[in-house]
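As a plain string of letters, each chain reads:
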Amino acid sequence: MLRRWRLPGGPRPRLVSLRTTFVVSFAAVTAAVTILVGILSYGSAARLVRVDQQSVFTQVVQDVRDEVRTHEMVPDDFSSSRPGHDLVRPARTDVQVLGAQGQIIDHGSPVLPVTARDKAVARAQAAGKVVQHKDVRVDQDLFRIATVSLGDGKGAVQVAQEFSDTEDLLRALQQRTLILMAAVVVGAGLFGWWLARRITRRLVILTSAAEDVARTRQLGIEVPVTGLDEVGRLGRAFDRMLGRLAQSEEDQRRLVQDAGHELRTPLTSLRTNISLLRRIDELPPATREELVADLTQEARELTDLVNELVDLAAGQSDTEPPQRVDLADIAEDVVGLAKRRTGREIVLRTSGDTSTDGRPGMLQRAISNLVENAAKFDRGGKAPIEINISGPVRAGMVRVEVLDRGPGIAEGDLIRIFDRFYRAADARSLPGSGLGLSIVREVAMAHGGAPFAFRREGGGAVIGFTVGGG
């Protein structure tokens, strides 16, 4: 599957694979989500670590202040050589003891810098006075330092916490997060490529089938149909579409062949009679009258054949919109027209609900063809032609039947009288094209029904169709 992109005023459009578009889009979305989650996760983790470290340091300083305020303490109490000194030297902290003048009595590891403010705190009279320093660099490492006075000018204790190792840890976490995000993006791209290939593989097959149809104009190409998803539905719809197009093409080809065959007979007769017209002055009056009558009849049959061919083609591609119609009303119009044309008595009987959804023009043409067929095969008949319309014979189905007292239909012809151009052996001497009942079948099938025909008790035939009922 390829899409064309055209830049205004730019070069020729380039083809972009749907698979590539899918992979890039999938990887871009995954990358955006991964980067966002990674940034938020790293930010939250770094903030929690920093807050936790700050809380620990603040608590240590507070413990020292409470200690010196509660107990009268001297610098030796914080000496690293004094037993129990670990009680006031918490883990991951560095402790350095200052004397009364701010001099270092017990240095830390590493040795912490002493500023003028620290010396001032060491000389302070109040116990627990604090001065803090942030981001103090000692031997390439960063520390937080808090100096707490012992009171009465006896000195101070310095508590330091190294946080450069925490930042190193966070940098390592950041690097690992970036590596993980890159791995996720690459993995997402590979998975997207695999998924796109799996999804678009059937689309590529369908595209190839469509291209083959366009190139060869052969509608009988087999379309692989797999899956129950949208692509599978597309494949089945495409296969059905090709099948219907192939059937339509076959119907058109058969119609043209059959029409050509049927047109040859009247055209040949017309050509023969026209050649006789050149010698009409040599013909006796009776022969002239017979020739003119024959020409009139051939012209009428040719006109009827062309009209029925047009009706049949219109029935196959009728654009008349469906609407709610009453077949009883349509049949009344047909009865009035048929009486004027044939002069025959026609009886219409209706029962039940005879309304349905359909195209009124097509339905009128079908009923009219049935009545004309009955009148043609029952020439000179005294019994009326009967039209029975009943509904619903079952859910939504309406039945239309036309009864006559003609010669009837042979058993072998019952299943073929709706074929195009088919004419029973005993009807070939009668005028007509053999398309009237074929049009009835087309109309019935277009309305969800079917045609039917059977012999009538007492002589004659019953021919009709059903509509509706799904």
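This one's a predicted model, so the numbers in the text were calculated from it and none came from an experiment.

A separate point is the pattern of salt bridges. Inspection of every chain in the model, using the stated rule, returns 6 salt bridges. Note that Glu386 and Arg456 form a salt bridge whose closest N and O atoms lie 3.1 Å from each other. With a gap of 70 residues between them, Glu386 in strand E11 (residues 385–394) and Arg456 in the loop between strand E13 (451–455) and strand E14 (461–467) connect regions that are remote in the sequence. Given a relative accessible area of 15%, Arg456 falls into the buried group. Where Glu442 meets Arg441, a salt bridge forms, and the shortest distance between an N and an O atom there is 3.8 Å. Neither residue differs from the other here; Glu442 and Arg441 are each classed as buried. Taken together, the shared-partner salt bridges connect Arg349, Glu386 and Arg456 into one network.

With that settled, consider a nonpolar patch on the surface. Nonpolar side chains collect at one region of the surface, where Val29, Val33 and Val37 lie side by side and expose about 250 Å² of accessible area between them. Structurally, Val37 is set in helix H1 (residues 18–70).

Considering the arrangement of structural elements, one finds Asn373 in helix H7 (residues 360–377). Overall, Asn373 belongs to the buried group, its relative accessible area being 13%. Once residues lying within four places of it in the same chain are set aside, the contact partners of Asn373 are Leu437 and Ile463.

Taking burial as the measure, the 7 residues of strand E7 (residues 156–162) include 6 buried ones, the bulk of the element. Here strand E3 (residues 94–98) pairs with E7 via 5 bridges, running antiparallel. Of the residues in E7, the one forming a bridge with Leu98 is Ala156. Here 7 bridges tie strand E6 (residues 141–149) to E7, and the two strands are oriented antiparallel to one another. Looking across to E7, one finds that Ser149 is bridged to Ala156. Linking E6 back to E7 in an antiparallel pair, the connection comprises 6 residues, with Gly151 at a positive phi of about 90°.

For H7, spanning 18 residues, the distance from its first C-alpha to its last is 26 Å, which sits close to the expected 26 Å at 1.5 Å a residue. Among the 18 residues that make up H7, 13 are buried, leaving the element largely enclosed by the rest of the structure.

Reading guide: rules and limits
Residues numbered from 1 in each chain as written. Predicted model: local features only at pLDDT ≥ 70, side-chain atom pairs only at ≥ 80, totals over all residues. Heavy atoms only, no water. Salt bridge = Lys/Arg side-chain N within 4 Å of Asp/Glu carboxyl O. Helix = DSSP H or I, 4+ residues; strand = E, 2+ residues; numbered from the N terminus. Buried < 20%, exposed > 50% of the residue type's maximum accessible area, 1.4 Å probe, protein only. Patch = residues over 30% accessible without salt bridge, like charges linked within 9 Å, V, L, I, M, F, W, Y side chains within 5 Å. Areas by Shrake-Rupley, 256 points an atom, 1.4 Å probe, with all protein chains shown as cover. Contact = heavy atoms within 4.5 Å. Pairing = 2+ DSSP bridges. Expected span 1.5 Å × (residues − 1).

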